[in-house]
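Per-entry structural report
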Amino acid sequence: MISGKYAGGVFCNLPDGAVCMCSYSYQYEDSDFKIDDYVILRVQRFGDEKKQMYGKILSKW
């Protein structure tokens, strides 16, 4: 679920309570999504230094 937005991307809460910082797939724009939308995302990497997860939104759910 989208929990917050920032310039060009979003924070998504995963079912286990983790937060993933995401960008949009090329076919989407910021206006296509709003806070509390459910999305399907792909985790792309995990930043060990800051313990942060980064991903890409693939579609709405």
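Preceding this section is the structure that the text describes.
Residues numbered from 1 in each chain as written. Predicted model: local features only at pLDDT ≥ 70, side-chain atom pairs only at ≥ 80, totals over all residues. Heavy atoms only, no water.

1. Here we look at the state of the cysteines
Defined as follows: When two cysteine sulfur atoms are found within 2.5 Å, that pair is recorded as a disulfide. Summary of the burial criterion: residues with accessible area below 20% of their type's maximum are buried, those above 50% are exposed, and those between are partly exposed, where the area comes from a 1.4 Å probe applied to protein chains only.
Per the counting criterion, the structure on display carries zero disulfides. Lacking any disulfide linkage, cysteine 12 is separated from the closest cysteine sulfur, that of cysteine 22, by 3.9 Å. Accessibility expressed as a relative area gives 0% for cysteine 12, which makes it buried. No disulfide involves cysteine 22; its sulfur sits 3.7 Å from the nearest other cysteine sulfur, which is in cysteine 20. We classify cysteine 22 as buried; its relative accessible area is 1%.

2. Comments concerning the side chain of aspartate 37
Cut-off, in case you're wondering: Secondary structure elements are taken from DSSP: a helix is a run of H or I of four residues or more, a strand is a run of E of two residues or more, and numbering for both begins at the N terminus. Polar contact is the term for a pair of N or O atoms within 3.5 Å; when the atoms are in protein, one must be able to donate a hydrogen and the other to accept it, and sequence-neighboring residues count only if both atoms are side-chain atoms.
Inspection of the secondary structure assignment puts aspartate 37 in the loop between β3 (19–24) and β4 (39–47). Its relative accessible area of 11% is what places aspartate 37 among the buried residues. Here the side chain of aspartate 37 touches lysine 34 through a polar contact of 2.9 Å, landing on its backbone nitrogen.

3. So, the nonpolar core
Cut-off, in case you're wondering: Among buried residues, those of type Ala, Val, Leu, Ile, Met, Phe, Trp, Tyr and Cys that are joined through side-chain atoms within 4.5 Å constitute a nonpolar core. Contacts are assigned to residue pairs with any non-hydrogen atoms lying within 4.5 Å of each other.
One finds Ile2, Val10, Cys12, Cys20, Cys22, Tyr24, Phe33, Val39, Met53 and Ile57 forming the largest nonpolar core, which totals ten residues. Those elements that provide at least two residues to this core are β2 (9–13), β3 and β5 (52–60). Of the residues forming this core, the biggest block, three residues, is contributed by β3. Other than its neighbours up to four places away in sequence, isoleucine 2 contacts Val10, Phe11, Cys12, Phe33, Lys34, Ile35, Asp36, Asp37, Val39 and Ile57.

4. Examining the pattern of salt bridges
Test applied: Should a side-chain nitrogen of Lys or Arg be within 4 Å of a carboxyl oxygen of Asp or Glu, the pair is scored as a salt bridge.
In total, this model carries three salt bridges according to the counting rule given. Lysine 5 is the partner of aspartate 30 in a salt bridge, and the nearest nitrogen-oxygen pair spans 3.2 Å. One end of the pair, aspartate 30, is in the loop between β3 and β4; the other, lysine 5, is in strand β1 (residues 2–6), and 25 residues separate them in sequence. Note on aspartate 30: relative accessible area 36%, which makes it partly exposed. A salt bridge links aspartate 37 to lysine 60, with the shortest nitrogen-to-oxygen separation between them at 3.7 Å. A residue pair is termed long-range when its members are at least 10 positions apart, and aspartate 37 in the loop between β3 and β4 and lysine 60 in strand β5 qualify at 23 residues. One salt-bridge network, in which partners are shared between bridges, spans Lys34, Asp37 and Lys60.

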